Amino acid sequence: MRVGIIGATGLVGRTTLKILEERGFPVSELILFASQRSAGEKILFKGEEVEVMTISDNWDLLADVFFCSVDDDVAQELLKDYKGEAWVIDKSKVFRMDPRVPLVVPEVNGDVLKTTDSRIVANPNCTTIPFVMALAAIRKMARPQRTVVTALQSASGAGKAAIEELRLQREYLTVDQEMPADAREVFGHTLAANLIPQIGSFSEAGESSEERKLREESRKILGDPEFSVHATCVRVPVEVGHSLSVTCVFEEAVDLKAIGKSLASFPSIKLLPDNLLITPVEAAGTDEVYVARLRNDPADERMIHFWLCADNLRKGAALNAVQIAESLI
Ligand SMILES: NC(=O)c1ccc[n+]([C@@H]2O[C@H](COP(=O)([O-])OP(=O)(O)OC[C@H]3O[C@@H](n4cnc5c(N)ncnc54)[C@H](OP(=O)(O)O)[C@@H]3O)[C@@H](O)[C@H]2O)c1
């Protein structure tokens, strides 16, 4: 397969390269695109240097499958009139809610790839992916009436400039120096030794765009437009690894053991025993979606709570996209 990475120098692009190599994806030729800033840079793939190029006319003829990991505006401009034959697995939000484009987590709704006419496949948001996997496993046992999530999202979810800013902010704190405005450009606030209860812009109703994405994308992937979920998304000063605290409310009392069994047998989910915790730092660099602290509510037997962690750059982005490509071929 001729493989192209658009946004090869970014966090997700570089993680995609690592995962293609780790999984022995059949790459016959590799083409790497990024912005003018990175043109000419060399990136190692399987021990060989590959030069980064800017996107040319007829770029789509240069590979059979593209992993596109650029910002929304760049993806929109590049793909808005896409009519090529090559598959494009896009990580931006541009096509996620487009009814013609499949939005895929292979373990949950990989079947939609068998019937789609679209050559673009959308990769969900990095918080949606682990969340929807756990919910798909739970829904095999019982459908929650209402689900409430608090997502604690790492800095890398906002790209390489965000990680750099977090590290810079830490340096200012270490030397006890006042934080200049240009050290708060990405987050708008101090994230180091702090947290920010806003990701994206707020609607009039007070919901953030990140929170809306989690709800709408989950509904599309689960094929349940009535799925009732409310999220609060918080940026935390962790470099890699998103964590979610989830509460599900059912119509009747639920069998926690049966739910645990369903989670444990779901592909790519690892259910941890009661005495084991998982932190984002431990989840980072791994492929699993971890579920821990699964428990009933002491005051209401219709409620369960659990803790979820996953690497946002791997299963939350690059790994999920590579799995989609593996399904396609
Ligand atoms: N980070 C996550 O956890 C995550 C998870 C799911 C989805 N996503 C989505 O994936 C996309 C990429 O995220 P990221 O975290 O990898 O961002 P990033 O680290 O900021 O990387 C952005 C990439 O886009 C390239 N780029 C920028 N302008 C371009 C242009 N005009 N033409 C070609 N390439 C251009 C950059 O190249 P230069 O290096 O040359 O600037 C870089 O390679 C975003 O849409 C993001 O929302 C991210």
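Position numbers for residues count from 1 along each chain, tracking the sequence in the order it is written. Residue-level local features of this predicted model are given only where pLDDT is at least 70; pairs of side-chain atoms are given and counted only at 80 or more, and the full residue set underlies all totals for whole chains, interfaces and linings. Excluding hydrogens and water, the side-chain figures rest on all heavy atoms present in the structure.

**Considering the site of the ligand**
Consideration 1: Nearness is judged by heavy atoms alone; a residue qualifies as near a molecule or strand once a single heavy atom is within 4 Å of it. Close to the ligand lie 27 residues, the nearest being Thr9, Ser35, Ser38, Val70 and Lys160.
Consideration 2: For the area figures, the Shrake-Rupley method with a 1.4 Å probe applies, and any residue is considered shielded solely by the protein chains shown. Out of a free accessible area of 900 Å², the ligand has 86% covered by protein chains.
Consideration 3: Secondary-structure elements contributing two or more residues to the shell around the ligand are helix H1 (11-22), helix H2 (72-79) and helix H9 (314-328).
Consideration 4: For this classification, Asp, Glu, Lys and Arg are treated as charged, while Ala, Val, Leu, Ile, Met, Phe, Trp, Tyr, Cys and Pro are nonpolar and the rest, including Gly, are polar. When grouped by side-chain class, the residues that make up the shell around the ligand number 10 nonpolar, 12 polar and 5 charged. Only DSSP runs of H or I reaching four residues or more are called helices, and only runs of E reaching two or more are called strands; each is numbered from the N terminus.

**Some words on helix H6 (residues 209-222)**
In an α-helix, one full turn covers 3.6 residues, which means residues spaced three or four apart are oriented alike.
Consideration 1: For H6, with 14 residues, the first-to-last C-alpha span of 20 Å sits near the 20 Å given by 1.5 Å per residue.
Consideration 2: Within H6, 10 of the 14 residues are buried, which leaves it mostly tucked inside the rest of the structure.
Consideration 3: What H6 keeps buried is the set Ser209, Glu210, Glu211, Lys213, Leu214, Arg215, Glu217, Ser218, Ile221 and Leu222.
Consideration 4: Downstream of H6 by one or two residues, Gly223 has phi in the positive range, about 65 degrees. Every helix has an expected span of 1.5 Å times one less than the residues it contains. For the exposure calls, accessible area comes from a 1.4 Å probe over protein chains only, and a residue counts as buried if that area is under 20% of its type's maximum, exposed if over 50%, partly exposed in between.

**Remarks on the domain arrangement of the chain**
Consideration 1: By convention here, the domain bounds are inherited from an automatic or database domain assignment. The assigned domain composition of the chain is domain 1 (2-124 + 318-328) and domain 2 (128-154 + 195-312).
Consideration 2: In this structure, domain 1 and domain 2 have C-alpha centres spaced 27 Å apart.
Consideration 3: Accessible area that two parts lose when put together, evaluated with a 1.4 Å probe and summed over both, is termed the buried area. Carbon and sulfur atoms make up 68% of the surface buried where domain 1 meets domain 2, a total of about 1,300 Å² over both sides.
Consideration 4: Among the residues of domain 1 in contact with domain 2, Met97, Glu107 and Val108 are the three that bury the most area, contributing 39% of the side total.
Consideration 5: Salt bridge criterion: a side-chain nitrogen from Lys or Arg within 4 Å of a carboxyl oxygen from Asp or Glu. Summed over the shared surface of domain 1 and domain 2, the number is 1 salt bridge.
Consideration 6: Put simply, Arg96 and Glu217 hold a salt bridge, and the shortest N to O gap is 3.0 Å.
Consideration 7: We call two N or O atoms a polar contact when they sit within 3.5 Å, provided that within protein one can donate a hydrogen and the other can accept it, with sequence-adjacent residues counted only if both atoms are side-chain atoms. Our count for the contact surface shared by domain 1 and domain 2 stands at 5 residue pairs in polar contact (both at pLDDT 80 or more).

**With respect to the packing of H1 against H9**
Consideration 1: Put simply, H1 and H9 touch, their axes get as near as 9 Å, and they point 50 degrees apart. Considering the angle they form, H1 stands oblique to H9. Crossing handedness for the pair H1 and H9: right-handed. Residue-level contacts link Val12, Thr15, Thr16, Lys18, Ile19, Leu20 and Glu22 of H1 to Arg314, Ala317, Ala318, Leu319 and Val322 of H9.
Consideration 2: Tallied by class, residues from the contact of H1 with H9 come to 7 nonpolar, 2 polar and 3 charged. Only the stretch in contact is used when fitting a helix axis, every axis being a line fitted to C-alpha atoms; angles between N-to-C directions are given from 0 to 180 degrees. Should an angle lie under 35 degrees it is considered roughly parallel, over 145 roughly antiparallel, and from 65 to 115 roughly perpendicular; all remaining angles are considered oblique. Take the far helix as your reference; a near helix turned counterclockwise from it by less than a right angle gives a left-handed crossing, and one turned clockwise gives a right-handed crossing. In this analysis, two residues are considered to be in contact whenever any of their non-hydrogen atoms come within 4.5 Å of each other.

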